[in-house]
Amino acid sequence: MPLPPYGAARRPEPEILQALARARKLVPLVHCLTASVARELMANVVLALGGSPAMIAADEEIEQFVPLADALVINLGSLSSAGAQSMRRAAALASSLRKPWLFDPAAVGALSLRTELARDLLALRPDIVKGNASEILALAGEDGKGRCADATVEAELALEAAGRVAGRTGRVTMVTGATDYVTDGLRLMSVPGGHPLMSRVTGTGCALGAAAAVFLGAGLPLFRAAVTASAVFAFAGAKAGEEARGPGGFAAAFLDQLYLLGEGS
Amino acid sequence: MPLPPYGAARRPEPEILQALARARKLVPLVHCLTASVARELMANVVLALGGSPAMIAADEEIEQFVPLADALVINLGSLSSAGAQSMRRAAALASSLRKPWLFDPAAVGALSLRTELARDLLALRPDIVKGNASEILALAGEDGKGRCADATVEAELALEAAGRVAGRTGRVTMVTGATDYVTDGLRLMSVPGGHPLMSRVTGTGCALGAAAAVFLGAGLPLFRAAVTASAVFAFAGAKAGEEARGPGGFAAAFLDQLYLLGEGS
Amino acid sequence: MPLPPYGAARRPEPEILQALARARKLVPLVHCLTASVARELMANVVLALGGSPAMIAADEEIEQFVPLADALVINLGSLSSAGAQSMRRAAALASSLRKPWLFDPAAVGALSLRTELARDLLALRPDIVKGNASEILALAGEDGKGRCADATVEAELALEAAGRVAGRTGRVTMVTGATDYVTDGLRLMSVPGGHPLMSRVTGTGCALGAAAAVFLGAGLPLFRAAVTASAVFAFAGAKAGEEARGPGGFAAAFLDQLYLLGEGS
């Protein structure tokens, strides 16, 4: 069932570059309800890809802001109970407005507050669910043995679970790892690439969700938005990894490469 | 009414360098109540300019901390209702103690919680109000058509509104854009410079407010503090933009250039 | 009573490299309850040293998460009253589970909320207490004249106070400054090195606490964990300082040097 790997070429496919050009033209407004530790990197990734980030988080502002945004990301990262309430409201509103939204069930599994919230948000049928293998297994009702931000399980072991999650939402699921996978329950596409230093910079996984939301906000179909985000990260990550000697230089080079992607090609 | 543009020279004016030297000697303590996404960059900008940042935010600590600080920044960025209460208390206290403070009405206009708060804070007559064109128009009671962090309006279209805001506070207003403007309702000064990559790094606008607060905290007159901050950002931004190929490298180079400004000159 | 300075050599001592190798093998899960401004740097320092950071902060999740982590950091940085409650719960639980934890009483002294909390947390006998001279003096009941993140007092003036704090917990106290000191009330070790640019990057002091927690989580004895963290920061800071011209480049180079430390030696 897996399609041939995507993005393994030395240069981005033309449709990736078209998607980037579209995002840069439309400047989608991406609303992120997310972990404090990842907020700055997520905003900078949205900006590097041509979008406009907004981190409006107060429960009182959700009702007015969700309709203004082009896409929404809900990431359970450093959840608070106030944050959980904003997230429930935002997800319900996005669903009812048919505003595209991505759900990142960070660290789901071991902790009841977020596991319960994740179940409720999943029932609202997010357009894209994105997680590492542990998170996707936990979401599918299996034990991912997650240690929070860690994926202690290979992505390949969560592909069936990803299919089940996609079946439940009727939409798209991404499993991240050394190779990323995107499935809608019927198709399964693999996106290899990237670089090991990506996992040494906090928030890169969260930022991939923000990247997918940029492409959702630019109007790409769900499956394409997810694959494009993974491919863009795979290319920029590989290039930045060639240049960097460690995670500090890598983080800067990665943003530069996202920004430069598609320039002059 | 506009004075000749400021800071357009290849080297900073002597009075800019004097202001920097003064800040580095006095090490003003700058208290920031601000957006979580911009907190780290703001703190690092304060440090690069020779100040000392503090992000004390708990309502219970405002009463004791505001008197200790040399200047205060209130930025509506990622507002919460708890944050709003701290901000009201801090602004009232700063005003009554005649402690200099800067108000950044981030994303004001579309969202009632912050629009109402902005009206109340404006009535406390902040020493400097700093915003992009959309925010200044919204603050002046006109429709800025803002999309939050985005300025979708040219700075030049908000100059009259800026004059009205300055008239209402009796103090100074800054409008940021490709060229920044500073007005006290009588004088209007333009500060060109900077670099387009500045708008591709989250929090640079917020950090300009922190920079102005460093100069307020160092005892500069209001108009001079605002112009100095814009000029310093314009110089450092232009230099960093010459070196950088993208936003990741730019952010690091910008902090370096702020830090180096005035060294060896 | 001071032992000969540690880490002054051109290359890390073999035991430092062994400790690093151990951390990289065991990948300790380090739970940080900490200031929002320092969260990203702390997470990235933990990752650069081979650990896995988690910033779980909701009071509802503390009970379930503390037992999963290998070490805990409690940093009073940008304290909120909700945060204070999570910290009390986490510290009590860590103590009762004999889970190693480090306490950073950031900005203690001038502000009652955190001064009272600090007293209570100290009574729970943290394994390591880490602070600048002002904070350690305040914790020992003397006036540190602190201006929050600033140490306006030389580390050397707080060594007696550090001994008293260590006497009270029966464990280890670190005093940070141009030279760091580690004491258990009997032994006192100095760790010179580092670079002045470290104090121009927000969160480096907080990140030293996270580094010590990595070594605690890897099972090192308390005194050794503290000395190793300071030595690692001293080496990486000195190397990064040789390369950097300002704080932006320094921050990236510092993470790179932490990551590279022990590679190829």
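A quick note: this is a predicted structure, and the numbers were derived from the prediction, not measured.

Within chain A, the secondary structure is distributed over 10 helices and 8 strands. Here chain A has a C-alpha radius of gyration of 17 Å; the compact-globule value for 265 residues is 18 Å, and the two agree. Intrachain contacts of chain A at a sequence separation of at least 6 include 68% that bridge at least 24 residues. Carbon and sulfur atoms make up 53% of the accessible area of chain A, which totals about 9300 Å². Averaging the locations of the 24 positively and 25 negatively charged side chains of chain A gives two centres separated by 3 Å.

Before going further, it helps to examine the pattern of salt bridges. All names here are of chain A. Counted by the stated rule, this structure contains 31 salt bridges over all chains. For D120, the salt bridge is made with R88, and the minimal N-O distance between the two is 2.5 Å. Within this pair, whereas D120 is found in helix α5 (residues 112-123), its partner R88 is found in helix α4 (residues 81-97), the two being separated by 32 residues in sequence. Residue D120 is classed as partly exposed on the basis of its relative accessible area of 35%.

What follows concerns helix α1 (residues 14-26) of chain C. Residue and element names in this part refer to chain C. If you check α1, its first and last C-alpha atoms are 18 Å apart, about what 13 residues at 1.5 Å a residue would give, namely 18 Å. The set of residues buried in α1 consists of I16, L17, A19, L20 and A23. In an axial view of α1, the angular spread of the buried residues amounts to 160°, which keeps them on one side of the axis. Summarising the geometry of α1, the exposed residues directed more than 90 degrees from the buried face are P14, Q18 and K25. Packing partners of the buried residues in α1 comprise α8 (204-217) and α9 (222-243). After α1 finishes, the residue V27 shows a positive phi value of roughly 50°.

Attention now goes to the environment of A211 of chain B. Residue and element names in this part refer to chain B. Structurally, A211 is set in helix α8 (residues 204-217). With a relative accessible area of 0%, A211 lands in the buried category. It is 9.6 Å that separates the C-alpha atoms of A211 and L47, two residues lying 164 residues apart in sequence.

All right, on to the interface of chain B and chain A then. If you look at the interface, chain B gives 27 residues, while chain A gives 29 residues. A buried area of about 2300 Å², summed over both sides, lies between chain B and chain A, and 54% of it is on carbon and sulfur atoms. Taken together, chain B and chain A are joined by 3 salt bridges. The residue E61 of chain A makes a salt bridge to R114 of chain B at a minimum N-O spacing of 2.5 Å. The tally of links between chain B and chain A comes to 10 residue pairs in polar contact (both at pLDDT 80 or more). Of all the elements in the fold, those that place two or more residues in the side of chain B that touches chain A are α2 (39-48), α5 (112-123) and α10 (247-260) of chain B. Residues of the side of chain B that touches chain A, tallied by class, amount to 11 nonpolar, 10 polar and 6 charged.

Residues and elements named next belong to chain A. At a closest axis distance of 8 Å, the pairing of helix α8 (residues 204-217) and helix α9 (residues 222-243) adopts a crossing angle of 135°. One finds that α8 runs oblique with respect to α9. Considering only the axes of α8 and α9, their crossing is right-handed. On α9, the residues that touch T204, A207, L208, A211, A212, F215 and L216 of α8 are L222, A225, T228, A229, S230, V232 and F233. Among the residues making up the contact of α8 with α9, the classes are represented as 11 nonpolar, 3 polar and no charged.

Now for the interface of chain C and chain A. At the junction of the two partners, chain C supplies 29 residues and chain A supplies 27 residues. Three residues stand out in chain C for area buried against chain A, namely E40, E61 and D256 of chain C, and they jointly supply 23% of the buried area on that side. Taken together, chain C and chain A are joined by 3 salt bridges. Residue D256 of chain C is joined to R245 of chain A by a salt bridge in which the shortest nitrogen-to-oxygen separation is 3.2 Å. Taken together, chain C and chain A are joined by 10 residue pairs in polar contact (both at pLDDT 80 or more). Mapped onto the side of chain C that touches chain A, the elements with two or more residues apiece are α2 (39-48), β2 (52-54), α3 (59-65) and α10 (247-260) of chain C. Sorting elements by how many residues they give to the side of chain C that touches chain A places α10 of chain C first, with 7 residues.

Here the focus is the sheet that holds strand β8 (residues 188-191) of chain C. Residues and elements named next belong to chain C. Pairing within the open sheet is mixed, and its 8 strands lie in the order β2-β1-β3-β4-β5-β6-β7-β8. The open sheet has two free edges, formed respectively by β2 and β8, since each of these has just one partner strand. Put simply, the sheet's adjacent strands are angled 20° from each other on average, direction ignored. Taken together, the 3 bridges between strand β1 (residues 29-33) and β2 define a ladder with parallel strand orientation. Its bridge partner being in β2, L29 is matched across the sheet by S52. Contacting β1, β2 and β3 (71-75), α2 crosses the sheet at an angle of about 155° to β2.

Moving on, we get to the packing of α10 of chain B against α10 of chain C. Contact geometry of α10 of chain B with α10 of chain C gives a least axis separation of 6 Å together with a crossing angle of 130°. If you check the angle between α10 of chain B and α10 of chain C, you find them oblique. Listed contacts from α10 of chain C to A252, L255, D256 and Y259 of chain B of α10 of chain B are P247, G248 and G249 of chain C.

Since the α-helix packs 3.6 residues into each turn, any two residues three or four apart lie on the same face. With 14 residues, α10 of chain C should cover 20 Å at 1.5 Å per step; its first-to-last C-alpha distance of 19 Å lies within 8% of that length. By the burial criterion, the buried members of α10 of chain C are P247, G248, F250, A253, F254, L255, D256, Q257 and L258 of chain C. On the buried face of α10 of chain C, the contacting elements are α10 (247-260) of chain A, α2 and α10 of chain B together with α1, α2 and α9 of chain C. Directly after α10 of chain C, the chain includes G262 of chain C, whose backbone phi takes a positive value near 90°.

Overall, the predicted model of chain A reaches an average pLDDT of 93, with 92% of residues at or above 70. Prediction confidence for the complex, expressed as pTM and ipTM, is 0.95 and 0.94 respectively.

Here is what the cut-offs are and how they apply
- Residues numbered from 1 in each chain as written.
- Chains lettered and ligands numbered in written order.
- Predicted model: local features only at pLDDT ≥ 70, side-chain atom pairs only at ≥ 80, totals over all residues.
- Heavy atoms only, no water.
- Helix = DSSP H or I, 4+ residues; strand = E, 2+ residues; numbered from the N terminus.
- Rg over C-alpha atoms; globule rule 2.2 N^0.38 Å.
- Contact = heavy atoms within 4.5 Å.
- Areas by Shrake-Rupley, 256 points an atom, 1.4 Å probe, with all protein chains shown as cover.
- Lys, Arg positive; Asp, Glu negative; His and termini not counted.
- Charge placed at Lys NZ, Arg CZ, Asp CG, Glu CD.
- Salt bridge = Lys/Arg side-chain N within 4 Å of Asp/Glu carboxyl O.
- Buried < 20%, exposed > 50% of the residue type's maximum accessible area, 1.4 Å probe, protein only.
- Expected span 1.5 Å × (residues − 1).
- Arc of directions from axis to C-beta.
- Buried area = accessible area lost by both parts, 1.4 Å probe.
- Polar contact = N/O pair within 3.5 Å; in protein donor to acceptor, adjacent residues only side chain to side chain.
- Nonpolar A, V, L, I, M, F, W, Y, C, P; charged D, E, K, R; others polar.
- Axes fitted to C-alpha atoms, helices over the stretch in contact; angles between N-to-C directions.
- Parallel < 35°, antiparallel > 145°, perpendicular 65-115°, else oblique.
- Left-handed = near helix turned anticlockwise from the far one by under 90°.
- Pairing = 2+ DSSP bridges.
- pLDDT = per-residue confidence, 0-100.

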